[in-house]
Amino acid sequence: MLRRFFARVFWTFSRWKLTGQPAPDRPTVLIGAPHTSNWDFVLMLAIAWRLGMDVRWLGKASLFAGWRGPVMHRLGGIPVDRADPSRVVTDVVARINSGEVFGLVVTPDGTRGSNSYWKSGFYRIARESGMPVTLGFVDRTTKTTGLGPTFELTGDVVADMDRIRAFYADKAGFRPELRTEPRLREESSPT
């Protein structure tokens, strides 16, 4: 397959090292963090293609306009209409029910500067769809990237986020100065 070939070439010549867990064998919400640069997208594709993992990722609808649309769809993109983001869960569940096996890549912390909180969409999608989460990572300090553990969220937001914080505690991202501590606004109130 052409994608695996490109991934093999990338990992052969890259200064980055692919480490961590193997690809999950069932649909999962794949957290991509710390997401501090658009270069994370290239690393995410290289990880997925090397591990033979089919991925889908969420992107703002404007990324799919014009000539970019077919390219973004081919790379696994799912456009999100920010005026009606609740449709995403319905669309994802429909894909799972049709038998698709994929990792839904969600970058809850953004790339445009330091944020105080992660966006909670990944948590809602995982809980409402019954999908586990897989912790993907980028760490510039060690030049490593890959997949961490896959686990089910319990619904106890604080406990689940404590587990996620512990995993990402030593991960710096591509641009460490833009890293956001894994924390949801919902931790102080029920989801």
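Structure: see above.
Note that the structure is predicted; figures quoted are calculated from it, not measured.

A.B. asks: Kindly report on the sheet that holds strand S7 (residues 144-151), identifying the contributing residues and their values.
C.D. replies: Pairing in this open sheet of 7 strands is mixed, and the strands run S1-S7-S6-S2-S5-S3-S4 from one edge to the other. The open sheet has two free edges, formed respectively by strand S1 (17-20) and strand S4 (77-80), since each of these has just one partner strand. Each strand axis lies, on average, 25 degrees off the axis of its neighbour in the sheet, ignoring direction. Here strand S2 (residues 28-33) pairs with strand S6 (residues 133-139) via 5 bridges, running parallel. Residue Val29 lies in a different strand from S6, and its bridge partner there is Val133. Sheet strands touched by helix H2 (residues 39-51): S1, strand S3 (55-60), strand S5 (103-106), S6 and S7. Its angle to S7, the strand with the most contacts, is close to 65 degrees.

A.B. asks: Before we move on, can you summarise helix H5 (residues 121-129) with the specific residues and values?
C.D. replies: Every buried residue of H5 is accounted for by Phe122, Tyr123, Ile125, Ala126 and Ser129. Summarising the axial view, the buried residues of H5 lie within an arc of 165 degrees, below the 170-degree limit, and thus occupy one face. On its buried face, H5 is in contact with S2, S3, helix H4 (87-97), S5, S6 and helix H6 (157-168). Within two residues after H5, Gly130 carries a phi angle of roughly 80 degrees, on the positive side.

A.B. asks: Any details on the packing of H4 against H5? Residues and values, ideally.
C.D. replies: The interhelical angle for the contact between H4 and H5, taken along N-to-C directions, is 45 degrees, at an axis separation of 10 Å. In terms of axis orientation, H4 runs oblique to H5. The two elements H4 and H5 meet at a crossing, and its hand is right-handed. Contact with H4, carried on its side by Val88, Val89, Val93 and Ile96, involves Ile125, Glu128 and Ser129 of H5 and no other residues of that element. When the residues that make up the contact of H4 with H5 are grouped by side-chain class, the tally is 5 nonpolar, 1 polar and 1 charged.

Cut-off values and rules
- Residues numbered from 1 in each chain as written.
- Predicted model: local features only at pLDDT ≥ 70, side-chain atom pairs only at ≥ 80, totals over all residues.
- Heavy atoms only, no water.
- Pairing = 2+ DSSP bridges.
- Helix = DSSP H or I, 4+ residues; strand = E, 2+ residues; numbered from the N terminus.
- Axes fitted to C-alpha atoms, helices over the stretch in contact; angles between N-to-C directions.
- Contact = heavy atoms within 4.5 Å.
- Buried < 20%, exposed > 50% of the residue type's maximum accessible area, 1.4 Å probe, protein only.
- Arc of directions from axis to C-beta.
- Parallel < 35°, antiparallel > 145°, perpendicular 65-115°, else oblique.
- Left-handed = near helix turned anticlockwise from the far one by under 90°.
- Nonpolar A, V, L, I, M, F, W, Y, C, P; charged D, E, K, R; others polar.

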